[in-house]
Amino acid sequence: MEQMALEGLTIVDFGQAWAGPHFSRTLADMGARVIKIESRRQMDSVRGLPPWPTGSKPGPLNSGYYTWLNRNKLGVTIDLSTPQGPGLAMEIIKISDALVENFSRGVMGKYGLDYASVQKVHPKIIYVAMTAFGSEGPYKNYVMYGRNQIYLSGLAHTTGHPERPPHPINFSWGDPVAAQHAAFAMLSALYYRNRTGKGQYIELSQWESLIGITPENILDYTLNRNVRSRRGNRHDYMAPHNTYRCAGGDVEWVGIAVETDEEWQSLCEAMGSPEWAKDEKFADGFRRWQNQEELDARIGEWTVQHRKYEVTDILQKAGVAAFPTLSNRGLVEDPHLNARGFFVEIDHPEPEMKNRKYDGLLWKMSKTPGQIRHRAPYPGEHNNYVFGELLGMPQKEIDRLVEEKVLL
Amino acid sequence: MNEQALSGVKVLDLTWHIAGPYCAKYLADSGAEVIKVERPGTGDPARKMGPFYKDDPHPEKSGLFLHLNTNKRGVTLNLKSPAGKKIFLELVKRADIVLESFRPHVMPSLGLNYEELEKINPRLVMTSLSSFGQSGPYREYKASDMVIYGMGGSMFWTGIAAREPVRLGGTVVSYQVGVMAAVATTFALFGAEKRGYGEYIDISAYEATRASIDRNGTDLLAYQYSGDYDKRSASYARSFPTGVYPCKDGYFDLTGGTVVFFPRTAKMLGRPELAKDPRYGTGEAQIDVNRKQEFDAEIFYPWILERTRREAWQAAQKAHILSGPIFNAKDVQEDDHYKGRNYWQEVDHPVTGKLRYTGAPYRSDEMPWGIRRPAPLLGEHNEEIYGELGYSKEDLAKLREGGVL
């Protein structure tokens, strides 16, 4: 195998929870050496989050949330609140190309690890701070997780049924979105450094990165003073455009999207050219859009007679965009993802966690593909390797630091 | 302006709709020189997609197109004609990156797959964005943003139990895939510079959605552990007060429940004694639906309904409770925080005049992000770019007549 794309890069990772770790995982999967810093005093909070294997005692070693986000990373424990802690972290920073952190504002400064301090000892570092709101503006000190960003960005306001309040969204879109934006910023800064020799500080506001991916909503107000609201699965101009119930119970749903008259004709033929579809009120795109409530009900009468993959197969053969709306169970079983070798099995010493399937690499690179090289680390699992082998510290010294609870 | 991150990097952008053009915009806004190649006559279908300037559906007034194509120069080219293909290959020789988002059979059928392009430019990085990837049984399937979102897992459990799954607002999946393609492309570019040869990237919206969009990853494990699948529910939390609540001027989201956060909530309400109240403050009470209803009706609604979103937010932040107002597009654009950070970008355009767009996704003093030019008119830079290749005005007139440009 040839080298991985980012082999040779070292990233020091102060990332916590989701945004930071997702970012560094993307780099680690593609070959970067990521050194993750935690401590038993301040463990990454996701070590306390589910899922845990059924029947096993929930603990910091077997959180599925942690193992999912932290594969391929080296785990080091430094108690930054001890007098020696920040200095040890600085030693790791010195051998790194880039640093990432997503602490609350001011935390890195408290430990003397803010950009100004780091730059003095390592001017070429690429320092990426993933903040909630940025370092200026009225909300700079507000606490915020990725889930709340959905509400602030206008996304929640436009999610859900029109007759109901904004739908609560129980996932943290803001985190992976910010993570990918940060990955781009860091790599382009490294590319820039190759050319100019210069390091730099990059600040990311998670709120801004999320708003950046909702341009239609923003532009409609800028251009026309239209304030968009909730409209279920309706589209700007496509109709039908919804998710329809299929035969076989609650796991059976299919999404169908029709853009052109040609696709509409194909859909009608696929449904057996029913009489209702010939009605004037469905004759063109605009009228279908206006009458889509009735249209949806009619199409639902057809889809509910078939299984979700059956509908998908019939419609795709006819040239109509359709695909099951899959549950997590549906995904694990999906033939396409399995055919492409998307899922990876990762081993783990905890017996209930052995050989579980995880999602795989984010994309396929032809010559320098990423790899899943090892599972997420236990706390401090790589202390000896990082301090001994990479930094050349004598084992006795490492043992002393462990004893004194600096490497905690 | 300082030199930008990707100054000097040359990109050929064959993509259309949203995801691919956003990937190219991402590179362009960071300094890359992007040539957008559109088909003659109609151009990128995004020119027909709204919102339009003054709601006027005109191919040079699509706000969506204008936003997605800032900083690019635009040419028209018919890749199916032999002359068009020849010109394209000349452009490939000078490029660092080719981006395309056709269905998987298209580039090979034109003889323009990576194996061919690599022969004339070994350093080339080529990224293909598609709905399902370049291999596997669904590779030629059609999809839309909603359809792709539905594949990924999180749509299935968004919505209320009795109704259909609902998508997120907007077309966020396409944008996220675009950003990820930009990340992948930059990774490959970085590697190509080091090793001296490029490579090919296959990015599938299905997998990108699956593996990055949300808690899909942990859901996958949860299913393997429990054998059960996630269900839709109007509320995401059993503790209280957690969720979306109405307030004086709209809606407000709060994570104020569980034994960790409830004491803070009690303090915020000015009633710290509630934290120790067995009716509300204990772990058991916190997951009791009847207690939740009682607490909401008697204590929480009277408090929240008297407050605006911003008042509630200030109070919650003071108490260190995760929370936020539910903003619409107007709220976001009128918000002082963005204004204070100079987030919004005004860009002038020959047809629409100055319009306001979203701004920098990251900030750096050393390596600025910026809009240098508006989106191109259809074929605006044909003479400039083909002129650089040595084509005269007469040559171009002939090519135009022949339907090549």
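What counts and what doesn't
- For every chain, the first residue of the written sequence is number 1, and numbering continues from 1 along that sequence.
- Chains carry letters and ligands carry numbers; both start at the beginning, A for chains and 1 for ligands, and go up in the order they are written.
- Thresholds applied to this predicted model are a pLDDT of at least 70 for local features of residues and 80 or more for the giving and counting of side-chain atom pairs; totals over whole chains, interfaces and linings are not thresholded and use all residues.
- Note: side-chain values were computed over all heavy atoms of the structure, leaving out hydrogens and water.
- Pairing between strands requires that DSSP locate at least two bridges from one strand to the other.
- Segments assigned H or I by DSSP are reported as helices when at least four residues long, segments assigned E as strands when at least two residues long, and all are numbered from the N terminus.
- Interaxial angles span 0 to 180 degrees and are taken between N-to-C directions of axes, which are lines fitted to C-alpha atoms, for helices over the stretch in contact.
- It only takes one pair of heavy atoms within 4.5 Å for two residues to be counted as in contact.
- Two parts placed together each lose some accessible area under a 1.4 Å probe, and the buried area is that loss summed for both.
- Throughout this description, the term salt bridge denotes a Lys or Arg side-chain nitrogen within 4 Å of a carboxyl oxygen of Asp or Glu.
- Pairs of N or O atoms within 3.5 Å make up the polar contacts considered here, provided that, within protein, one atom can donate a hydrogen while the other can accept it, and that residues adjacent in sequence are counted only when both atoms are side-chain atoms.
- Put simply, Ala, Val, Leu, Ile, Met, Phe, Trp, Tyr, Cys and Pro go in the nonpolar bin, Asp, Glu, Lys and Arg in the charged bin, and everything else, Gly too, in the polar bin.
- Side-chain atoms within 4.5 Å are what join buried Ala, Val, Leu, Ile, Met, Phe, Trp, Tyr and Cys residues into a set we call a nonpolar core.
- A simple rule labels every residue: compare its accessible area, found with a 1.4 Å probe on the protein chains alone, to the largest value its type can have, and call it buried under 20%, exposed over 50%, or partly exposed in between.

1. Thoughts on the sheet that holds strand S9 (residues 323-325) of chain B
All names here are of chain B. Spatial strand order, S7-S8-S9: 3 strands in an open sheet with antiparallel pairing. Single-partner strands in this sheet number two, and they are strand S7 (242-247) and S9. Each strand axis lies, on average, 20 degrees off the axis of its neighbour in the sheet, ignoring direction. Taken strand by strand, helix H12 (residues 289-304) contacts S7 and strand S8 (250-255), and its axis lies near 45 degrees from that of S7. Strands S7, S8 and S9 of the sheet are contacted by helix H13 (residues 309-318), whose axis makes an angle of about 15 degrees with S8.

2. What to know about the interface of chain A and chain B
The parts lose accessible area when they come together, and the size of an interface is often stated as this lost area. Each partner contributes to the interface: chain A provides 159 residues, whereas chain B provides 151 residues. Regarding the contact of chain A and chain B, the summed buried area is about 13,600 Å², with carbon and sulfur atoms giving 62% of it. One can count 11 salt bridges joining chain A with chain B. Across the pair Glu263 of chain A and Lys142 of chain B runs a salt bridge, and its minimum N-O distance is 2.8 Å. Applying the counting rule to chain A against chain B returns 58 residue pairs in polar contact (both at pLDDT 80 or more). No other element matches helix H7 (residues 174-196) of chain A, which puts 16 residues into the side of chain A that touches chain B. Partitioned by chemical class, the residues of the side of chain A that touches chain B number 75 nonpolar, 52 polar and 32 charged. Both strand S12 (residues 364-365) of chain A and strand S6 (residues 200-204) of chain B contribute to a ladder of 2 bridges, which runs antiparallel. Residue pairing in the sheet places Met365 of chain A in a bridge with Ile201 of chain B of S6 of chain B.

3. Focus on the nonpolar core
Core analysis: the largest hydrophobic core is formed by 124 residues, its most contacted members being Leu6, Leu27, Trp173, Met186 and Trp363 of chain A. The dominant element in this core, judged by the number of residues it contributes, is helix H7 (residues 172-195) of chain B, at 15 residues. Sequence-distant contacts of Leu27 of chain A, defined by excluding residues within four places in its chain, comprise Leu6, Ile11, Ala32, Ala183, Met186 and Leu187 of chain A together with Phe187 of chain B. Grouped together as the second largest cluster of nonpolar side chains are 35 residues, Ala132 and Leu152 of chain A together with Trp313 and Val332 of chain B included.

4. A closer look at the sheet that holds strand S3 (residues 73-77) of chain A
All names here are of chain A. Judged by pairing direction, the sheet is parallel, and its 6 strands sit side by side in the order S3-S2-S1-S4-S5-S6 without closing on themselves. Only two strands of the sheet have a single neighbouring strand rather than two, namely S3 and strand S6 (200-205). On average, adjacent strands in this sheet sit at an angle of 20 degrees to one another, irrespective of strand direction. Of the pairings in the sheet, the one linking strand S2 (residues 33-38) to S3 comprises 5 bridges and is parallel in character. What sits directly across from Glu38, in S3, is Thr77. Contacting strand S1 (10-13), S2, S3, strand S4 (98-101) and strand S5 (126-131), helix H1 (residues 19-29) runs over the sheet at an angle of about 135 degrees to S3. The strands that helix H3 (residues 85-94) touches are S1, S2, S3 and S4; relative to S2, the one it contacts most, it runs at about 170 degrees.

Structural measurements only, silent on function.
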